[in-house]
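Listed here are the chains, written in short residue letters.
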There are 2 protein chains.
Amino acid sequence: MAKAPVVTPRADDFPRWYQDLINKAELADNGPVRGTMVIRPYGYALWERMQQEMDARIKAAGASNAYFPLFIPQSYLTREAEHVEGFAPELAVVTRGGGKELEEPVVVRPTSETVVNASFAKWVQSYRDLPLLINQWANVVRWEMRPRVFLRTTEFLWQEGHTAHATYEEAREYAARIHREVYADFMANVLGIDVVLGRKTASERFAGAVNTLTLEGMMGDGKALQMGTSHELGQNFAKAFGTRYLSGDGREEYVWQTSWGSSTRMVGGLIMAHGDDSGLRVPPRLAPVQVVVLAVKGDEAVLAKVREVGDRLAAAGLRVRVDDRTDTPFGRRAVDWELKGVPARVEIGPRDLEGGTAMLARRVPGGKEPAAVDALAALLPGMLEEDQALLLRQSRELREARTVEVSSVGEAVEAAVAGGWARLPWAVLGEEGEVRLAEHGVTVRCLVAEDGSVPDADDAPGNVAVVARAY
Amino acid sequence: MAKAPVVTPRADDFPRWYQDLINKAELADNGPVRGTMVIRPYGYALWERMQQEMDARIKAAGASNAYFPLFIPQSYLTREAEHVEGFAPELAVVTRGGGKELEEPVVVRPTSETVVNASFAKWVQSYRDLPLLINQWANVVRWEMRPRVFLRTTEFLWQEGHTAHATYEEAREYAARIHREVYADFMANVLGIDVVLGRKTASERFAGAVNTLTLEGMMGDGKALQMGTSHELGQNFAKAFGTRYLSGDGREEYVWQTSWGSSTRMVGGLIMAHGDDSGLRVPPRLAPVQVVVLAVKGDEAVLAKVREVGDRLAAAGLRVRVDDRTDTPFGRRAVDWELKGVPARVEIGPRDLEGGTAMLARRVPGGKEPAAVDALAALLPGMLEEDQALLLRQSRELREARTVEVSSVGEAVEAAVAGGWARLPWAVLGEEGEVRLAEHGVTVRCLVAEDGSVPDADDAPGNVAVVARAY
C-alpha cells in the first residue's frame, strides 16, 4: 500500500501544495478579516531570522532604524500625483476615532514615503544633515482582492528604507548599493535563491519613482516572484513636501531620494523556491532550527543522551532543538520536522547508545545514514554549508533549465504560459509588446543588460527583457 | 554671564523639561495625526535595546513570538463584556477598504486578546497543546485625548504576551513569573528603576482580567508611572471564544489564560526616572552607545587616535561610537552627547597624544578627569557597572525619600498632591477611599503585602495601598 502523501504533490496542484505546506508546517493561518494572516511561531521564527540577517546588512550600509506613524492624513497621499493614483484603490481608511467621526479621515499606511517626507522636511536643514539614511520595520496595509498567505495579504510586515541625498548620483548609487549589498547578498547567500537583478519597465515602476530596481526569483512552478525592490524617487516627494537643504555654496536645493522594501512575501518565496513534496527545505544559514536531536523512544538513557548531544551541538554554535516529546510517536515527529524543513535530524534510539552512533538525516539532499555521535559537532557545520550551497545551485539550475531565449512576443507568451521565463530583446518587445503580454497574464519582470548587469536606462542598447507569469 | 540652560530646569517646569529633553536629544517628534509620534533614530535605538533585553527574557520564560492581525472584526470586541466597555471609547475604526464601504467595520487593535483567542480556539485541542505561550511585538492604537510623547500616544509600540494553561494555578503562577522574571528583572537590572511590584485594585484592573499585577516606578517629580502589567484573565476570554481542551481524563475544559504587556512608554519612564538638567542619563546596560570617543580637533593624528581607541574599546565588547565630526564645534558635540545621556565620553585632543592620555567624562555621577588611554579598555567595564548600580540606588533613594506612611485619606491626598507617594492600610482606604482620591486626581497605584511581597487578594490582611498621582 502506497503511503498517503503528507501534502498534495507539487506536480498535481502547485497552489494547493503551497497552501497544504503552510497549514501542515504550521507557518500561518488566515486571519478573521479577509486578506489578513496570523503568522504562527515557526513561520514567525523564519521571519525573525530574515529580519536579523537583513537588519545587520541595512546597518552595515549606514542606515539607522526609526519609526513613523501607522496613520497618515489622507491629504498627504494626494500630494504626489502618481503615488496617490497607484495606492488609492488599495487604501484602508479610518473614519472614526475615540467615538467620533474624524474631521479628516486618516489612511492606514500602505507605504511611508509621504509621512517620512513630512519629517525629513523638518530634519534636513543643510548639506551637513545629508545623507539621511533611515529604515523602519513595520506593518503596512494594502487592501487585497485576491489574497494568498505571505504572497498577497491585506496586512504584511516589511522593512522600508527611506533616504535623502544631496545629489542625483549619490541617491542613485545608494539605491543600487541596497539592491546589491543588502538584497542580492541576503537572497543569494542566506535564502539560497539565485535571483535575477534588473530594472523595472516604466509600467511596472513603483508609484512615484523614477526608477525601480528589482530582484526576481524563480519559483518551483517556473513562475516569478518579485522578492524586493529599491527605488530612485528623484525629487518627486521632496518637491511635494518641500524637503530642501542649504548647499555648501548657500543655495536652497531639493534633496534626491530613495526608498526600498522587502517583506514577509519572502517567506512565500522561500517556500516556493525550495519546498518539495515532503515539505519545506530551509537553507541552513537562515534556519531558526538547524539541527533537531530526536529521542526515538522515552528511555531515561536515551533522553539523557539527546539532551547531552543537544548541548554539545549548541556549544559548537549551531541552532539546536531537542525533541524529547516521546508521548508523540517518533514517526510523526520525524515527518513533522521534515515538513518544517529543518536541515539536519539526529535520531537517537536505545540501540544507538552502546555503539555511540546516531542516524543523521539531511533534509536538503535527502537520505539518512549512521554517524558517530562524537563526530557530529565537527561534521555538521561543513555539511550544512554544503547543503546551503546545494540549494543555491539547484535554484540556479532550475532557472537556467526553465529560461528560454526567444525572438518574438508570441514565443515569449508561449514559454511563460507553459511555466518558465523567456528572454527577448527589449527592442523587439517594447511597450506595445508589454500590452500584448498582459493579455495573457504575462509581464516583464525586469530588464537586464547584455552582460547580465543592471542597465542604466530602459532603452540602453542590448537590453534584454525577462518575461514571465508572476505571483 | 550665566550659561543658558540646555533644557528648561526640572524644578521650574517638569513637563516642559520632559518635552525639551525629547526635542533636544532627538528622541521623538509629534506625528501629523494628532496623538501619534515619530520615533527618531536615537529614541528608537533605546527601544531596540529594550526589545533585545526583554525578548531574551520572554524567550527564557518559554514563550515564542508570533504575529496576529492589526485588524479585528468589530464583533469580536463585544464578546467579552468588560473588555468592550473598557476599550470602546478609545477605538479607531476602519469603515472603508479597497475603495468600498465595508460590510462590517474593522477595529484597529487596541490589544489582541480577542483575535488571539480566535486562533487559540483552533490551535488548542488537547492538554498536550498546553501550555501555549505566545508573545508578539506590535503596534496598537488607543485614541488618546490628551497625548504626551512616549507616555500617552494614540499609536504605540509594545509587546503583548498571551498564554493558555490547563489549570488556574498554572496560569496564575505564569502571570507572576512574567511579572518577576521578565518585567521586574529588566526594569531593576537594565533600566535601573527601583519599581514597586504589586496588584491593582478592582477599579484599576485591565478590562477583562480577574487580576492585574503591576510595576510602578517613581519619576523625578514624585509622580508614578505604570511600567508594565501582567494579567490573570481567568476563563473570561476562553468562554467568549470557546477556547477549550480535552483533559487527560477526557473532559472538555476551558483554558485558563494570562496576558501581559510593556511598551514604548518605558522610554518615557527612562527619561523621567533618570534625566537631569543636562539631559538624559542612560543606564550603561541599556545604552545603545555606552562610550563615545570624541576628537576635540580635526588633526589627522587626533582622528587616527580616536578611531584606534574606538576600535580597541569595541573589541573589548563595549558599544562604542566614534565622533569625528570636527566641522561641528567640540563644545556643541559634547553637550549633545550629554543630552543623549551616553554614559562615558572619551575626549582626545592634540595635547593628549604625546602623554597617551584622554579626558574621561562620566555622565551618571558627573565629572571629568584625565585617564591613560591604554587603561580605558580595562577601566571602563567596571566603571559602567558602578554607574549602573548608582542609578538604581538613586532611584531607590528618591522613592524612599518621597514616600510617606500615612493613616488617613486626607494625608494621602496631601502627600500625593505635593509630589510623592503615600502608603496607608487598604483597610483604612477601601473602595470608598479610592473615590475620594480620584477627586484629587490621585489613584491607588497598587496594593502590596506588609512584607513588601505581592498580595494574593485585594483584601488580604495587612495590605498596604501605595497612592500617588500618575502619568
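Residues numbered from 1 in each chain as written. Chains lettered and ligands numbered in written order. Predicted model: local features only at pLDDT ≥ 70, side-chain atom pairs only at ≥ 80, totals over all residues. Heavy atoms only, no water.

Regarding the relation of the copies chain B and chain A
Then comes step 1: Once turned by 180 degrees and shifted 0.0 Å along the axis, chain B lies on chain A with an RMSD of 0.0 Å. Such values leave the two copies arranged in the relation of a two-fold axis. Minimal C-alpha separation from the rotation axis in chain B is found for B:V94, amounting to 2.1 Å. (Least-squares fit on C-alpha atoms with pLDDT ≥ 70 in both.)

Remarks on the pairing of strand β19 (residues 368-372) of chain A
Then comes step 1: The pairing of strand β18 (residues 357-362) of chain A with β19(A) spans five bridges and is antiparallel. For A:T357, the partnering residue across the bridge sits in β19(A) and is A:A372. (Pairing = 2+ DSSP bridges. Helix = DSSP H or I, 4+ residues; strand = E, 2+ residues; numbered from the N terminus.)

What to know about the environment of B:E85
All names here are of chain B.
Then comes step 1: Relative to the helices and strands, E85 is located in helix α4 (residues 81-87).
Then comes step 2: Residue class for E85 comes out exposed when judged on its relative accessible area of 65%.
Then comes step 3: Residues E85 and A11 lie 74 residues apart in sequence; the distance between their C-alpha atoms is 39 Å. (Buried < 20%, exposed > 50% of the residue type's maximum accessible area, 1.4 Å probe, protein only.)

Remarks on the UniProt feature "domain: Aminoacyl-transfer RNA synthetases class-II family profile" (unreviewed entry) in chain A
Then comes step 1: Those places that UniProt annotates as "domain: Aminoacyl-transfer RNA synthetases class-II family profile" (unreviewed entry) correspond, in this numbering, to residues 34-283 of chain A.
Then comes step 2: With 32% helix and 32% strand, residues 34-283 of chain A has end C-alpha atoms that lie 31 Å from one another. (UniProt positions renumbered as here; feature names shortened; annotations may be inferred.)

Some remarks on the sheet that holds β19(A)
All names here are of chain A.
Then comes step 1: Spatial strand order, β16-β15-β17-β18-β19: five strands in an open sheet with mixed pairing. The sheet is open, and its two edges are formed by β16 (320-323) and β19, each paired on a single side. Strand-to-strand, the axes of this sheet are offset by a mean angle of 25 degrees, without reference to chain direction.
Then comes step 2: With four bridges connecting them, strand β15 (residues 291-295) and β16 associate as parallel partners. When the bridges of β16 are listed, V292 appears paired with R321. (Axes fitted to C-alpha atoms, helices over the stretch in contact; angles between N-to-C directions.)

Overview of the packing of aromatic side chains
Then comes step 1: Inspection of the entire model under this criterion finds 20 aromatic pairs over all chains.
Then comes step 2: Their ring planes at 40 degrees and their centres at 6.1 Å tell us that B:F120 and B:W123 sit as a pair that is tilted. In this pair, B:F120 and B:W123 both sit in helix α5 (residues 113-123), three residues apart, roughly one turn of the helix. With respect to burial, B:F120 and B:W123 carry one shared label: buried.
Then comes step 3: Three or more aromatic residues link up through ring pairs in this structure, and these residues are A:F68, A:F120 and A:W123.
Then comes step 4: In this structure, B:K223 is placed above the aromatic ring of B:Y471, and the distance from its NZ or CZ to the ring centre is 4.4 Å. (Phe/Tyr/Trp six-rings, centres within 6.5 Å; stacked < 30°, edge-to-face > 60°. Lys NZ or Arg CZ within 6 Å of the ring centre and 35° of its normal.)

Comments concerning the sheet that holds strand β19 (residues 368-372) of chain B
All names here are of chain B.
Then comes step 1: On the basis of which strands lie adjacent, the open sheet formed by five strands has the order β16-β15-β17-β18-β19 and mixed pairing. The open sheet terminates on both sides in strands that have one partner only, identified here as β16 (320-323) and β19. Looking at each pair of strands side by side, their axes are set apart by 25 degrees on average, direction ignored.
Then comes step 2: Docked against the sheet, helix α10 (residues 330-339) engages β15 (291-295), β16 and β17 (344-348), running at close to 175 degrees with respect to β15. (Contact = heavy atoms within 4.5 Å.)

Brief notes about the interface of chain B and chain A
Then comes step 1: Between chain B and chain A, the residue contacts involve 55 residues of the former and 56 residues of the latter.
Then comes step 2: Together, the buried faces of chain B and chain A total about 4,300 Å²; carbon and sulfur atoms form 61% of this surface.
Then comes step 3: Linking chain B with chain A are four salt bridges.
Then comes step 4: With a closest N to O distance of 3.2 Å, A:E48 and B:K59 form a salt bridge.
Then comes step 5: If you look at where chain B meets chain A, you find 22 residue pairs in polar contact (both at pLDDT 80 or more).
Then comes step 6: Top element by residues in the side of chain B that touches chain A is strand β5 (residues 92-97) of chain B. It accounts for six residues.
Then comes step 7: In the side of chain B that touches chain A, the residues fall into 32 nonpolar, 12 polar and 11 charged.
Then comes step 8: Sheet topology note: the strand β5 (residues 92-97) of chain A/β5(B) ladder contains five bridges and is antiparallel. Along β5(B), the bridge assignment pairs A:V94 with B:V94. (Buried area = accessible area lost by both parts, 1.4 Å probe. Salt bridge = Lys/Arg side-chain N within 4 Å of Asp/Glu carboxyl O. Polar contact = N/O pair within 3.5 Å; in protein donor to acceptor, adjacent residues only side chain to side chain. Nonpolar A, V, L, I, M, F, W, Y, C, P; charged D, E, K, R; others polar.)

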